[in-house]
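# Architecture at a glance
Below are the chains, spelled out letter by letter.
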2 protein chains.
Amino acid sequence: MFPQPTVLAAAMPDLTIFQYSVVDNIFSMTVATMGAAALFLFLSRSSVDREYRPALLISGIVVSIACYHYFMIRHSWNGAYELAETGYISTGAAFNDFYRYADWILTVPLLMVELVAVLRLQKSKARSLLTRLVIAAGLMIALGYPGEVISSPDGWMARVVWGTLSSIPFFYILYVLWVELTASLQTQPPAARKLIEISRLVLLITWAVYPIAYAFGGTEAALIAKAGGAVDASGIVALQVGYAIADMTAKAGFGVLIYFIARAKSSATGTDDERVDASQKVAQAATAGA
Amino acid sequence: MFPQPTVLAAAMPDLTIFQYSVVDNIFSMTVATMGAAALFLFLSRSSVDREYRPALLISGIVVSIACYHYFMIRHSWNGAYELAETGYISTGAAFNDFYRYADWILTVPLLMVELVAVLRLQKSKARSLLTRLVIAAGLMIALGYPGEVISSPDGWMARVVWGTLSSIPFFYILYVLWVELTASLQTQPPAARKLIEISRLVLLITWAVYPIAYAFGGTEAALIAKAGGAVDASGIVALQVGYAIADMTAKAGFGVLIYFIARAKSSATGTDDERVDASQKVAQAATAGA
């Protein structure tokens, strides 16, 4: 009934010039956003208190890793297609979905670390929390991948099953983070409280995009298109655009939010440098008075 | 009996799309991991005491060198293969094993230096230790290489001999490091002791992967596949994946461990900046009292 995927043509569905370019451009924009966020986070470390600098460092590393992967993702996208009379057609080279999963394997645990680092929870509490979150993140990503690479309409049910399995640790992470962020509100300085409430919301909204994008890429039409049937490939485009936007918000956007939380918590006590300035002024005044 | 390797075609066995992609993806992930570790180690120097910063600097350089080499290793891998109807076939260009050995020649001695630097052994002791370790590391790598490039089943015995010769300095290094790490435990602050015990274990486990990967790449099936006989190439895949995982753990993972040791030893006396803060407080108190 449906054309069977072959070794050479299974890879990617034919796309219109518009569809191909939308994905190509969003990938380029993601590279720029991640790189810019990395510069901001690395170079902002000196404007927060010493104890919050590791949180900014880790946030900067997260977007650096994502910057590398989106550069490679775009390279793979360009290699998977060539321009023909009818639009963009597959070159036979597969588009490498694994880049995104390699990125998630490395960055999702680090996202948990940056959040825990900026909250400055108790050491024993932070450790137990991180252990649970990192294990759940690993499971979430590992269970999603087998579904992601299915490219035959016969595999629709299998894709739904993998997606559902992956959703269990996904919702667990969101639940744990929501509860922890809410509980931590009491111990945070007032200036940071509002920001943590925002970050709770940003987390919920940006993370919600991932399963939605996954679902778009797994519609029957998308799988038929992936298998080489000339139907509607817009689900594939929606998946790529959805993931890219979610990654930008959940990594670069969230990183900037981490900076503002660190900044707000630093202001509560004054930054190291302000304290040094203040003590120098005291010393100068004392000298002047003597 | 077996097709003899020629200059152009000896290089690499045919691989399935899956086999090729596993190696390609693990190389990309290694590039990302090494780069991320380099950023972390370079930018974390300010959060440890001055005397431990050289250890982090060297650790950062080690992963930077590895990042470059894995980028090149991947480039060579991509150049050695092309996609055909049956999977990936050799282009005739050889896969360059020397990148990995060049990496080891540069990084293994530096790994010894970073370990000795973070332990802060007595100067005379450190010098004699390093001399012995660096010579042994050079011998280990130089003796392993002739076996690595053998790509004919006739050379199986020769590969075993080179591998065995290379194992002598390999075990010597592990023995010396184990003894030294154990002896150093007494002079280390309690906070660092647990971490040094962990690093002793990490060293033993990650280094054990190298000879195992070497053995996988030297099975008769692997050598026949390398020589162009269409048998089972999974040994070749196991060697590449094994080396990549071992390199990630022994360099990036070990570097992060070095950071934690440095951090633990810094906390034992307070970081430079904390000491500055404390001395300022003393100065302020003195001024206030006067």
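Residues numbered from 1 in each chain as written. Chains lettered and ligands numbered in written order. Predicted model: local features only at pLDDT ≥ 70, side-chain atom pairs only at ≥ 80, totals over all residues. Heavy atoms only, no water.

## Concerning the overall build of chain A
Helix and strand content of chain A: 9 helices and 2 strands. Each helix and strand of chain A, ordered N terminal to C terminal, gives the series α-α-β-β-α-α-α-α-α-α-α. Put simply, chain A has 290 residues, and 52% of those count as buried. Within chain A, contacts between residues separated by at least 24 positions form 78% of all contacts whose residues are at least 6 apart in sequence. (Helix = DSSP H or I, 4+ residues; strand = E, 2+ residues; numbered from the N terminus. Buried < 20%, exposed > 50% of the residue type's maximum accessible area, 1.4 Å probe, protein only. Contact = heavy atoms within 4.5 Å.)

## A word on the nonpolar core
Membership of the largest hydrophobic core comes to 173 residues, with the highest contact counts inside it found for A:Trp207 and B:Trp207. Discounting residues that sit within four places of it in the chain, B:Trp207 has contacts with B:Val108, B:Met112, B:Met140, B:Phe170, B:Ile173, B:Leu174, B:Val202 and B:Ala250. (Core = buried A, V, L, I, M, F, W, Y, C linked by side-chain atoms within 4.5 Å.)

## A few points about the side chain of B:Thr107
If you trace the backbone, B:Thr107 turns up in helix α3 (residues 98-119). Look past the residues within four positions of B:Thr107 in its chain and what remains in contact with it is B:Val62, B:Ile65 and B:Lys251.

## Side note on the pairing of strand β1 (residues 81-84) of chain B
Residues and elements named next belong to chain B. Bridging between β1 and strand β2 (residues 87-90) involves 4 bridges; their strand directions are antiparallel. Bridging from a neighbouring strand, Ala-84 pairs with Gly-87 of β2. In this antiparallel pair of consecutive strands, β1 and β2, the connection spans 2 residues. (Pairing = 2+ DSSP bridges.)

## Quick notes on helix α4 (residues 123-148) of chain A
When the terminal C-alpha atoms of α4(A) are compared, their 37 Å separation across 26 residues agrees well with the 38 Å that a helix rising 1.5 Å per residue should span. Residues of α4(A) that are buried: A:Ala126, A:Leu129, A:Leu130, A:Leu133, A:Ala136, A:Ala137, A:Met140, A:Ile141, A:Gly144, A:Gly147 and A:Glu148. (Expected span 1.5 Å × (residues − 1).)

## Structural notes on the side chain of B:Ser59
For B:Ser59, the location among the structural elements is in helix α2 (residues 53-80). For B:Ser59, the contacting residues outside a window of four places in its chain are B:Leu41, B:Glu114, B:Gly255 and B:Ile258.

## Quick notes on the packing of aromatic side chains
Applying the stated criterion across every chain, the model contains 36 aromatic pairs over all chains. Pairing A:Tyr20 with A:Tyr81 gives two aromatic rings, centres 5.5 Å apart and planes at 75 degrees, and the pair type is edge-to-face. In this pair, A:Tyr20 sits in helix α1 (residues 17-43) while A:Tyr81 sits in strand β1 (residues 81-84), placing the two residues 61 residues apart along the sequence. Judged by centre distance (5.2 Å) and plane angle (65 degrees), the rings of B:Tyr259 and B:Phe260 are edge-to-face. Among the residues examined, B:Tyr259 registers a relative accessible area of 8% and is labelled buried. Among the aromatic residues, those joined into a ring-pair cluster are A:Tyr20, A:Phe27, A:Tyr70, A:Trp77, A:Tyr81, A:Tyr88 and A:Phe95. When the ring centre of B:Tyr214 is taken as reference, the NZ or CZ atom of B:Arg159 above it lies at 4.3 Å. (Phe/Tyr/Trp six-rings, centres within 6.5 Å; stacked < 30°, edge-to-face > 60°. Lys NZ or Arg CZ within 6 Å of the ring centre and 35° of its normal.)

## Focus on a nonpolar patch on the surface
Nonpolar side chains collect at one region of the surface, where A:Trp156, A:Met157, A:Val160, A:Val161, A:Trp162, A:Leu165 and A:Ile168 lie side by side and expose about 620 Å² of accessible area between them. Inspection of the secondary structure assignment puts A:Val161 in helix α5 (residues 156-184). (Patch = residues over 30% accessible without salt bridge, like charges linked within 9 Å, V, L, I, M, F, W, Y side chains within 5 Å. Areas by Shrake-Rupley, 256 points an atom, 1.4 Å probe, with all protein chains shown as cover. Salt bridge = Lys/Arg side-chain N within 4 Å of Asp/Glu carboxyl O.)

## Focus on unusual backbone geometry
For A:Arg120, which is not glycine, the phi torsion reads 55 degrees and is therefore positive. Relative to the elements of secondary structure, A:Arg120 occurs in the loop between α3 (98-119) and α4.

## What about the packing of helix α5 (residues 156-184) of chain B against helix α6 (residues 190-216) of chain B?
Residues and elements named next belong to chain B. Where α5 contacts α6, the two axes come as close as 10 Å, and the packing angle between them is 180 degrees. Regarding the angle of α5 to α6, the classification is roughly antiparallel. Two secondary-structure elements touch here, α5 through Arg-159, Trp-162, Gly-163, Phe-170, Ile-173, Leu-174, Leu-177, Trp-178, Leu-181, Thr-182 and Ser-184 and α6 through Ile-196, Ser-199, Arg-200, Leu-201, Leu-203, Leu-204, Trp-207, Ala-208, Pro-211 and Tyr-214. For the contact of α5 with α6, a count of residues per class yields 15 nonpolar, 4 polar and 2 charged. (Axes fitted to C-alpha atoms, helices over the stretch in contact; angles between N-to-C directions. Parallel < 35°, antiparallel > 145°, perpendicular 65-115°, else oblique. Nonpolar A, V, L, I, M, F, W, Y, C, P; charged D, E, K, R; others polar.)

## Looking at the environment of B:Ala66
Residues and elements named next belong to chain B. Within the secondary structure, Ala-66 is located in helix α2. Placed 182 residues apart in sequence, Ala-66 and Met-248 show a C-alpha to C-alpha distance of 8.9 Å. With residues near it in sequence (within four places) discarded, Ala-66 still touches Met-34, Asp-103 and Lys-251.

## Topic: the packing of helix α1 (residues 17-43) of chain B against α2(B)
Residues and elements named next belong to chain B. For the pair α1 and α2, the least separation of the axes is 8 Å and the interaxial angle reads 155 degrees. One finds that α1 runs roughly antiparallel with respect to α2. For the pair α1 and α2, the sense of crossing is left-handed. The residue inventory of the contact of α1 with α2, partitioned by class, reads 19 nonpolar, 7 polar and 2 charged. (Left-handed = near helix turned anticlockwise from the far one by under 90°.)

## Some remarks on the pattern of salt bridges
Pairing of side chains with opposite charge becomes possible as their charged atoms draw close. According to the stated counting rule, one finds 11 salt bridges over all chains in the structure shown. The closest approach of N and O atoms between B:Asp103 and B:Lys251, which form a salt bridge, is 3.1 Å. A residue pair is termed long-range when its members are at least 10 positions apart, and B:Asp103 in helix α3 and B:Lys251 in helix α8 (residues 234-269) qualify at 148 residues. Overall, B:Asp103 belongs to the buried group, its relative accessible area being 1%. For B:Lys251, a relative accessible area of 1% puts it in the buried group. Among the charged side chains, a network of salt bridges with common partners joins A:Asp103, A:Asp247 and A:Lys251.

## Things to note about the environment of A:Cys67
Residue and element names in this part refer to chain A. Residue placement: Cys-67 occurs in helix α2 (residues 53-80). Along the primary structure Cys-67 and Gln-122 are separated by 55 residues, whereas in three dimensions their C-alpha atoms are 32 Å apart. When neighbours within four sequence positions are excluded, Cys-67 is seen to be in contact with Val-31, Met-34 and Gly-35.

## Some thoughts on α6(B)
Between the first and last C-alpha of α6(B) there are 41 Å, a value that for 27 residues agrees with the 39 Å anticipated at 1.5 Å per step. Those residues of α6(B) that sit buried are B:Ala192, B:Leu195, B:Ile196, B:Ser199, B:Arg200, B:Leu203, B:Thr206, B:Trp207, B:Tyr210, B:Ala213 and B:Tyr214.

## Side note on the environment of A:Glu180
All names here are of chain A. Here Glu-180 shows up in helix α5. With 59 residues separating them along the chain, Glu-180 and Leu-121 place their C-alpha atoms 9.7 Å apart. Contacts of Glu-180, omitting those with residues within four sequence positions, involve Lys-125 and Leu-129.

## Some words on the confidence of the model for chain A
All names here are of chain A. Chain-level pLDDT for chain A is 84 on average; 87% of the residues reach the 70-or-more range. Between the elements of chain A, mean pLDDT differs from a low of 57, seen in helix α9 (residues 272-289), to a high of 97, seen in α1. Note on residues 1-10: pLDDT under 50 across the span, and 22 contacts to partners over four residues away in sequence or across chains. The complex prediction reports pTM at 0.85, with the ipTM value standing at 0.83. (pLDDT = per-residue confidence, 0-100.)

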